[in-house]
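Secondary and tertiary structure notes
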Amino acid sequence: MVRTVSGVAITAVVASCLALAPGGLAPAAAQEKPSPGAGDANAIPVGVVYANLKPITPAMEFVGRVEAPERVEIRARVKGMLEAVLFKEGETVKEGAPLYRIEKPLFEADVQQAQGDLERAKAALDLAKIQRQRAQELVDKNAGTVVARDQAVANEQQSQGAILSAQAALNTAKINLGYTDITAPITGRIGRTAVTKGHIVGPDSGVLATIVSQDPMYVTFPVSQRDLLQAQKEQKITDVGSLEVRIKFADGSVYDQVGKVNFVDVSVNRTTDTVTLRADLPNPNGKLIDGELVRVELKTGAPEEKVVIPQAALIADQAGLYVFAVEDGKAVVKRVKIASGGRGADVIVSEGLAAGAPVIIEGFQSLKPGAAVRATPVPALGG
């Protein structure tokens with residue numbers, strides 16, 4: 001009993017769907033030939049596609065994770081009651097946009113108090129200057145003591161220091177007042193808020209919300225040292241940063257943007273013997289999400305012609321994989337080996353099948369080797 005292969009684990013580069021003639025039929029030369037087995041009344045009707053040569057770019061495939069280049073945790077820097085949450089969760093916020101507002105009256109009062117202390121310090125300095133001048137005049141007239149003059153000088157210097165302290169306190173109060181308006185430090189999407197209006201927040205409140213940048217995005221993935229050295233040797237790669245990167249999502253769909261490797265880690269992980277690579281990809285529509293797990297295709301060479309067939313034509317048994325092909329109006333078994341690099345519904349055949357061979361894709365479930373068949377070309381299932 002045979003069973004069809006519902007999925008073949010294929011890694012590496014992208015292969016496009018089989019190219020058939022207009023209308024989904026086989027090439028013109030093949031259409032002019034009479035259908036094999038057409039004259040046999042007992043022939044089994046089957047649908048075929050023709051193995052085709054396609055340019056395939058050598059590639060390696062890895063598991064990677066999407067990362068935002070910038071990720072900021074929003075925290076309160078002063079303590080107070082939260083007056084308002086000024087953003088909508090999940091929206092894109094611009095750098096400098098208001099996010100939270102903490103009640104201001106206490107901090108405004110601190111500013112006023114610091115301003116008053118500064119004015120008093122300035123007044124004390126003015127008095128100290130006058131006293132120092134008078135003490136100096138008395139000394140000059142031999143009517144005062146040097147000790148009194150020195151004490152007046154010291155008082156003036158202390159008043160100058162008091163002004164510096166008062167000015168610093170005023171600056172701190174103004175900064176704290178500014179912290180009551182919490183704004184976005186970067187442009188990106190903001191997540192859920194951990195607090196709502198009326199909460200008491202402060203430096204110990206933890207993360208209030210998180211902002212992640214959106215465009216571009218990074219994808220990091222580990223590459224074994226062996227694979228990296230082999231690629232450099234076989235493909236004569238001298239600049240890893242020139243390698244193109246494509247990614248696939250969990251559902252098998254291919255992301256429509258191409259990235260470039262922009263970072264290779266400076267050391268090898270001693271536990272896994274892998275090197276971490278990072279690529280940046282455009283994300284204009286926000287399709288890539290921070291933390292998302294993806295498949296990464298790393299192109300490592302120039303395109304090469306390979307035989308491509310639909311994955312649906314593959315059959316598996318204990319001996320391995322095979323397909324039914326049509327020869328002289330009969331179904332024959334072709335044992336095949338599959339190479340990495342398929343895309344969607346297509347697979348690459350490395351051995352066992354020649355380009356142009358008619359491969360049965362419909363009606364093979366009840367076929368036996370040598371059975372007479374009547375073949376009809378059908379549209380291929382594009383990947």
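Residues numbered from 1 in each chain as written. Predicted model: local features only at pLDDT ≥ 70, side-chain atom pairs only at ≥ 80, totals over all residues. Heavy atoms only, no water.

A few points about the packing of helix H2 (residues 105–140) against helix H3 (residues 146–178)
Interaxial distance between H2 and H3 falls to 8 Å at its minimum, and their mutual angle equals 165°. It follows from the interaxial angle that H2 and H3 lie roughly antiparallel. Here the hand of the crossing between H2 and H3 comes out left-handed. (Axes fitted to C-alpha atoms, helices over the stretch in contact; angles between N-to-C directions. Helix = DSSP H or I, 4+ residues; strand = E, 2+ residues; numbered from the N terminus. Parallel < 35°, antiparallel > 145°, perpendicular 65-115°, else oblique. Left-handed = near helix turned anticlockwise from the far one by under 90°.)

Some points on the sheet that holds strand S10 (residues 188–190)
Spatial strand order, S5-S12-S10-S7: four strands in an open sheet with antiparallel pairing. With one partner strand each, in any of the chains shown, strand S5 (71–74) and strand S7 (92–93) form the two edges of the open sheet. Direction of pairing for S5 relative to strand S12 (residues 209–212): antiparallel, over a ladder of four bridges. When the sheet's bridge partners are listed, Ile-74 is paired in S12 with Ala-209. (Pairing = 2+ DSSP bridges.)

Remarks on the environment of Ala-169
Within the secondary structure, Ala-169 sits in helix H3. Measuring from C-alpha to C-alpha, the distance between Ala-169 and Gln-113 comes to 9.4 Å, with 56 residues separating the pair along the chain.

Focus on the pairing of strand S16 (residues 274–281)
Note: strand S13 (residues 217–224) against S16, eight bridges, orientation antiparallel. If you follow Pro-222 over to S16, its bridge partner there is Thr-276. Alignment of strand S15 (residues 259–264) against S16, held across four bridges, turns out to be antiparallel. Within S16, the residue paired with Val-264 across the bridge is Leu-277.

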